[in-house]
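Chain residues, written in single-letter form:
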Amino acid sequence: MSFALKLAGVSKTERMTRVDAAAEILGLTHLLDRLPHDQTEAMTMADRIVVLNAGHIEQVGTPEELYRDPDNLFVAGFIGTPEINTLKGMIQNGEIVLHNGYRFASPLGPRAEGMDVICATRPHYLRISDSGIAAEIVLIEMTGEGQEIRVRVGDQELIVVAHEKLDVNAGQKVFLTVDAAKIFLFEAETGKRLRA
């Protein structure tokens, strides 16, 4: 019930207040303990999840299946915390060329030549490195022994989850790398998953 509010950037406290008010109006208050307020709760409580988008079933599967093998960009963005990172690109001469100029081999073959794509990867699979995608650190948040590092790549922000404390600072120029096997590719126009 609170997903649209989450996407709009409403705080968790405000989301809970609004969900409680809506549930009272609809006479669903007694069911709230059975309705997860967000995808994190759904993933910890459920054996199988049905992901709905405007009443349409996008995908059904176990929490792990939805996380590791999403059928489309909506499911990939719905499942996982922090949210999945996305970068726009195009398939050219057998390579994926991101809008910032970074290139890597396309697993899709000639059928996808010229296609606009969205490359997505989980924050846990991005790494700060000596070469790769140019970025600038915007914000660093400590998460116990690790860090969530928000970086700017061109005109968008991505999140890097580091499992250890890195010696980096806000404003620092860095590079990002990602394991190509951990990248999901989606058709930009439809959000549909492109599989090799």
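Residues numbered from 1 in each chain as written. Predicted model: local features only at pLDDT ≥ 70, side-chain atom pairs only at ≥ 80, totals over all residues. Heavy atoms only, no water.

## Side note on the sheet that holds strand β7 (residues 126-129)
Read across the sheet, 5 strands follow the order β7-β11-β8-β9-β10 without closing on themselves; strand pairing throughout is antiparallel. Looking at which strands have only one partner, the edges of the open sheet turn out to be β7 and β10 (156-162). Taking the axes of each pair of neighbouring strands and ignoring which way they run, one obtains an average angle of 45° across the sheet. Relative to strand β9 (residues 146-153), strand β8 (residues 133-143) runs antiparallel, the two sharing 7 bridges. Its bridge partner lying in β9, isoleucine 137 is registered against valine 151. (Pairing = 2+ DSSP bridges. Helix = DSSP H or I, 4+ residues; strand = E, 2+ residues; numbered from the N terminus. Axes fitted to C-alpha atoms, helices over the stretch in contact; angles between N-to-C directions.)

## Thoughts on the side chain of arginine 122
Checked against the element boundaries, arginine 122 lands in the loop between β6 (116-121) and β7. In this structure, arginine 122 is buried with no salt-bridge partner, the nearest side chain bearing the opposite charge being glutamate 83 at 9.3 Å. Among the polar contacts made by the side chain of arginine 122, one reaches the main-chain carbonyl oxygen of alanine 76 at a distance of 3.0 Å. Within polar-contact distance, the side chain of arginine 122 engages the backbone oxygen of isoleucine 79 at 2.6 Å. Not counting the four nearest positions on each side in its chain, arginine 122 is found in contact with Leu66, Tyr67, Ala76, Ile79, Gly80, Ile84, Asn85 and Phe184. (Buried < 20%, exposed > 50% of the residue type's maximum accessible area, 1.4 Å probe, protein only. Lys, Arg positive; Asp, Glu negative; His and termini not counted. Salt bridge = Lys/Arg side-chain N within 4 Å of Asp/Glu carboxyl O. Polar contact = N/O pair within 3.5 Å; in protein donor to acceptor, adjacent residues only side chain to side chain. Contact = heavy atoms within 4.5 Å.)

## Overview of the packing of aromatic side chains
Under the counting rule described, the total for this entry stands at 3 aromatic pairs. Taking the centre distance of 6.2 Å and the plane angle of 5° together, the rings of phenylalanine 74 and phenylalanine 78 count as stacked. Separated by 4 residues within a single helix, phenylalanine 74 and phenylalanine 78 lie in helix α5 (residues 73-78), roughly one turn from each other. Exposure remark for phenylalanine 78: the relative accessible area of 16% places this residue in the buried category. Taking NZ or CZ as reference, arginine 122 lies 4.2 Å from the ring centre of tyrosine 67, over its face. (Phe/Tyr/Trp six-rings, centres within 6.5 Å; stacked < 30°, edge-to-face > 60°. Lys NZ or Arg CZ within 6 Å of the ring centre and 35° of its normal.)

## Overview of the environment of leucine 98
Residue placement: leucine 98 occurs in strand β4 (residues 95-98). Leucine 98 sits in the buried class, given a relative accessible area of 4%. It is 8.8 Å that separates the C-alpha atoms of leucine 98 and isoleucine 118, two residues lying 20 residues apart in sequence. What leucine 98 contacts, discounting residues up to four positions off in sequence, is Leu87, Lys88, Gly89, Phe104, Cys119 and Ile133.

## A few points about the sheet that holds β6
Across the sheet, which stays open at both edges, the 6 strands sit in the order β5-β4-β3-β6-β12-β13 with antiparallel pairing between neighbours. With partners counted over all chains shown, the strands left at the sheet margins are β5 (103-105) and β13 (193-194), one partner each. When strand β12 (residues 184-187) meets β13, the two strands line up antiparallel, connected through 2 bridges. By the bridge assignment for β13, leucine 185 is matched with leucine 194.

Shape is all these values report; function is a separate question.
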